[in-house]
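Each chain, written out:
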Amino acid sequence: MRADRLVATMLLLQSRGRVTAAEVAAELEVSVATARRDLEALSSAGVPVYPQAGRGGGWQLVGGARTDLSGLSAPEAQALFLLVGPAAAASDEARAALRKLVQALPRTFRADAEAAATATTVDPARWSEPTRSRPAPVDALQGAVVARQRVRLGYANARGVSSDRLVEPLGLVDKDDVWYLIAGTDRGQRTFRVDRVTSIEPTGESFDRPTDFDLDAAWAAVVDHVEQRRAQTWATVLVEDRFVPIMRDRFGLHCRDDGRGPNGWTRLRVAAPTPLDLARNLAGWGGLIDVLDPPSVRDHLARIGAELTSRFSP
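Residues numbered from 1 in each chain as written. Predicted model: local features only at pLDDT ≥ 70, side-chain atom pairs only at ≥ 80, totals over all residues. Heavy atoms only, no water.

Undergrad: Explain the overall build of the protein here, please?
TA: Helix and strand counts for the protein stand at 11 helices and 12 strands. Per-residue burial over the protein gives 31% buried out of 314 residues. If you take every contact in the protein between residues at least 6 apart in sequence, the share linking residues at least 24 apart comes to 56%. (Helix = DSSP H or I, 4+ residues; strand = E, 2+ residues; numbered from the N terminus. Buried < 20%, exposed > 50% of the residue type's maximum accessible area, 1.4 Å probe, protein only. Contact = heavy atoms within 4.5 Å.)

Undergrad: Help me understand the nonpolar core, please; the structure alone is not making it clear to me.
TA: Generally speaking, a soluble globular protein has its nonpolar side chains buried in company with each other. By size, the foremost hydrophobic cluster in this structure holds 19 residues, and its most contacted members are Met247, Val270, Leu278 and Leu282. In contact with Leu278, other than residues within four places in its own chain, are Thr233, Trp234, Ala235, Phe251, Val270, Ala271, Ala272 and Val297. Counting residues in hydrophobic clusters, the runner-up holds 14 residues, among them Leu153, Val167, Leu181 and Val194. (Core = buried A, V, L, I, M, F, W, Y, C linked by side-chain atoms within 4.5 Å.)

Undergrad: How should I be thinking about the sheet that holds strand S2 (residues 49–52) in this particular structure?
TA: Strand order in the open sheet formed by three strands is S1-S3-S2, and the pairing between neighbours is antiparallel. Edge positions in the sheet fall to strand S1 (18–19) and S2, since each has one partner strand and no second. (Pairing = 2+ DSSP bridges.)

Undergrad: How do you make sense of helix H2 (residues 21–28) when you look at a structure like this?
TA: Turn by turn, an α-helix covers 3.6 residues, leaving residues three or four places apart pointing in a common direction. Residues Ala21, Val24 and Ala25 constitute the buried set of H2. For H2, the arc enclosing every buried residue in end-on projection is 100 degrees, short of the 170-degree limit, so these residues lie on one face. Immediately beyond the C-terminal end of H2, within one or two residues, lies Glu29, with a positive phi of roughly 60 degrees. (Arc of directions from axis to C-beta.)

Undergrad: Could you clarify how one ought to interpret unusual backbone geometry in this entry?
TA: Note on backbone geometry: most residues besides glycine have negative phi, and most peptide bonds are trans. Following Asp293, the chain continues into Pro294 via a peptide bond in cis, with omega recorded as 5 degrees. Positionally, Pro294 belongs in the loop between strand S12 (289–293) and helix H11 (295–312). Of note, the phi angle at Ser128 is positive, near 70 degrees, even though the residue is not glycine. Its location among the elements puts Ser128 in the loop between helix H6 (107–117) and helix H7 (137–147). A relative accessible area of 81% places Ser128 in the exposed class. A positive phi angle, close to 55 degrees, is found at Arg148, a residue other than glycine. Structurally, Arg148 is set in the loop between H7 and strand S4 (149–156).

Undergrad: Please clarify how the sheet that holds strand S8 (residues 197–206) should be interpreted in this entry.
TA: The strands making up a sheet associate through backbone hydrogen bonding, with each pair oriented either parallel or antiparallel. Pairing within the open sheet is antiparallel, and its five strands lie in the order S7-S6-S5-S4-S8. Across the chains shown, the open sheet's two edge strands, defined by having one partner strand only, are strand S7 (188–193) and S8. The average angle at which neighbouring strand axes cross in this sheet is 45 degrees, direction not considered. Direction of pairing for S4 relative to S8: antiparallel, over a ladder of six bridges. Its bridge partner lying in S8, Leu153 is registered against Ile200. Strands S4, strand S5 (162–175), strand S6 (178–185) and S8 of the sheet are contacted by H7, whose axis makes an angle of about 85 degrees with S5. (Axes fitted to C-alpha atoms, helices over the stretch in contact; angles between N-to-C directions.)

Here it is, written out as structure tokens:
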């Protein structure tokens, strides 16, 4: 007798109050005889379940007794369903799991839990950008992470060069709707963009996950490395106070206050990978900003300005 079938029978009793063996059989897709044996087993095990004969009878929990499988308090249940509700839209399996979680809660919690699950929707697309679809390899890679199975990846790097990689999947990260795989390789830990994975071949080989591996810490190290590479050139600019929030939004972590400028102006430090990248990001501001240094960025701005003047002058 499977323990999960007994749990499912308990949940059914909790959600409906009273059930017949035929109803249990139909819900769990077993025979009526099996359903009846399960109900009798629950009663024999000390669960307060008893049968009622006659019309309208069935099996019922004595005195409305309940078993809270989750152990959650009402605020904890609400917080959980506020979190997992939007994520459940990702698949039929997730929606089915959410429904089972609702049924596992005490009856007095369910209405609020169901409301919390539908209280939020997530639109991952930025304004004026198309919605990115979830990369097809994600599900297979998640399975490999959980099963600790080595896989062979077909992978195209940023330059489009393809190669085969034997990897030990350690964890997946969804950053702004772009998925990354952190994996062990023969050259150490590496990070792969999942949308560049062209094929996945299971090897059937297991591996031991490093005991000291922590996905959050590993990803934080990746983020720190990438942000450093994206901030190799810094420039000092003067910008009107009213445009400071826009500059902060545009440059994010790579925008820092550098003191007050002349009346109504602020000094900022902004960064990009190269002087040319920085000049391209600043050129659109025209005369609304003043780039004080470095000379390399000013030179690129002068060249860009000359090219635009040459191209578009009457």
